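Structural overview for review
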Amino acid sequence: MKLSGGVEWALHCCVVLTAASQPVPAARLALLHDVSPSYLAKQMQALSRAGLVTSVQGKTGGYALTRTASEITVLDVVLAVDGADPAFVCTEIRRRGPFGAPPEACTKPCGIAGVMAAAEAVWRASLKAVTIADLVGSVERDDGPDALPTIGAWLKPPSGRA
């Protein structure tokens, strides 16, 4: 299963938004991660359309999570950014060529389609079992308990901005 780079960026943003005390502009998130502001803004808009973040307009606007980190799964973010389409789409190749089967002989998915659907179900279940809170916990274990509070302080607007 190949995921877009936007999924990585969106997941990192969701994790750091847990440390923010107020909405964070997409440009500030892009600066934090040293990524394209316009591309990151698209990912944040996708998260907003999915109801995972809220977009606050105005001078002190930006993005904030709409739910607690324990209520947002990695699968939620993947679906928001990359969509819900299946990774594998069967084209019924067994109905083609000189030995192609007639449509009435293809009433059940072939073994290949079955294996791919089963793999995707396991993959999605695995992503659904991990929350943003779990990822926050991994950051705290891997980078120390001060990592996210330090980022949260950095995310606050610079002096002179409300």
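What comes next is a walk through the structure.

The rules behind these values
- The numbers attached to residues start from 1 for each chain and follow its sequence in the written order.
- In keeping with the predicted nature of the model, local features appear solely for residues at pLDDT of at least 70, side-chain atom pairs appear and are counted solely at 80 or more, and the whole-chain, interface and lining totals rest on all residues.
- Excluding hydrogens and water, the side-chain figures rest on all heavy atoms present in the structure.
- For the exposure calls, accessible area comes from a 1.4 Å probe over protein chains only, and a residue counts as buried if that area is under 20% of its type's maximum, exposed if over 50%, partly exposed in between.
- A run of H or I in DSSP counts as a helix once it spans at least four residues, and a run of E counts as a strand once it spans at least two, with each numbered from the N terminus.
- Two residues qualify as a contact provided that any one of their heavy atoms is within 4.5 Å of a heavy atom in the partner residue.
- Pairing of N or O atoms within 3.5 Å defines a polar contact, subject to two protein rules: one partner must be a possible hydrogen donor and the other a possible acceptor, and residues neighboring in sequence count only if both atoms are side-chain atoms.
- Both site types are read off a 1 Å grid over the protein atoms alone. A 1.4 Å probe that fits but cannot get out defines a cavity, while an open set with protein on both sides within 12 Å along at least five of seven lines defines a pocket; lining residues have an atom within 4 Å of a point.
- Grid points are joined across faces, edges and corners, and a volume is the space filled by probe spheres set on the points.
- Gly is put with the polar residues, along with every residue not named as nonpolar or charged; the nonpolar set is Ala, Val, Leu, Ile, Met, Phe, Trp, Tyr, Cys and Pro, and the charged set is Asp, Glu, Lys and Arg.
- To qualify as a nonpolar core, a set must consist of buried Ala, Val, Leu, Ile, Met, Phe, Trp, Tyr and Cys residues joined through side-chain atoms within 4.5 Å.
- Only the contacting stretch of a helix is used when fitting its axis, a line to C-alpha atoms as for every element, and angles between N-to-C directions run 0 to 180 degrees.
- Each angle is binned into one of four classes, with values under 35 degrees roughly parallel, values over 145 roughly antiparallel, values of 65 to 115 roughly perpendicular, and all other values oblique.
- Note on convention: the crossing is left-handed when the near helix lies turned anticlockwise from the far helix by less than a right angle, right-handed when the turn is clockwise.

Before going further, it helps to spend a moment on helix 2 (residues 26-33). For helix 2, the complete set of buried residues consists of Ala-26, Arg-28, Leu-29 and Ala-30. Tucked inside the fold, the buried residues of helix 2 contact helix 1 (5-17), helix 3 (37-49), strand 2 (62-65) and helix 7 (147-155). Asp-34 sits one or two residues past helix 2 and shows a positive phi near 55 degrees.

Turning our attention to the environment of Thr-131. In this fold, Thr-131 is placed in the loop between helix 5 (111-128) and helix 6 (132-143). Using a relative accessible area of 13% as the deciding quantity, one classes Thr-131 as buried. For the pair Thr-131 and Val-77, spaced 54 residues apart in sequence, the C-alpha to C-alpha distance is 9.8 Å. In this view, Thr-131 contacts Ala-69, Ser-70, Ile-72 and Thr-73; residues no more than four positions away in its chain are not counted. A distance of 3.2 Å separates the side chain of Thr-131 from the backbone nitrogen of Ala-133, its partner in a polar contact.

With that settled, consider the layout of surface pockets. What the largest pocket holds in volume is close to 210 Å³. Counting residues per element, the ones that place at least two in the lining of the largest pocket are helix 1, helix 2, helix 6 and helix 7. Looking at the lining of the largest pocket, its residues break down into nine nonpolar, three polar and one charged.

Once that is clear, we can look at helix 4 (residues 74-82). Of all the residues in helix 4, the buried ones are Val-74, Leu-75, Val-77, Val-78, Ala-80 and Val-81. Within two residues after helix 4, Gly-83 carries a phi angle of roughly 90 degrees, on the positive side.

Right, let's get into the nonpolar core. Where a protein is soluble and globular, its nonpolar side chains tend to be buried together. By size, the foremost hydrophobic cluster in this structure holds 36 residues, and its most contacted members are Leu-17, Leu-29, Met-44, Leu-47, Val-77 and Ile-132. Here this core gets eight residues from one element, more than from any other, and that element is helix 1. With residues near it in sequence (within four places) discarded, Met-44 still touches Cys-13, Leu-17, Ala-26, Leu-29, Val-53 and Tyr-63.

The next point concerns the packing of helix 1 against helix 4. A pair of packed helices can be characterised by two numbers: the angle between their axes and the separation between those axes. Contact geometry for helix 1 and helix 4: axes closest at 9 Å, N-to-C directions at 130 degrees. Our classification of the angle between helix 1 and helix 4 gives oblique. For helix 1 against helix 4, the interelement crossing comes out right-handed. Contacts between helix 1 and helix 4 pair Gly-6, Val-7, Ala-10, Leu-11 and Cys-14 from the former with Val-74, Val-77, Val-78, Val-81 and Asp-82 from the latter. Residue composition of the contact of helix 1 with helix 4, grouped by class: eight nonpolar, one polar and one charged.

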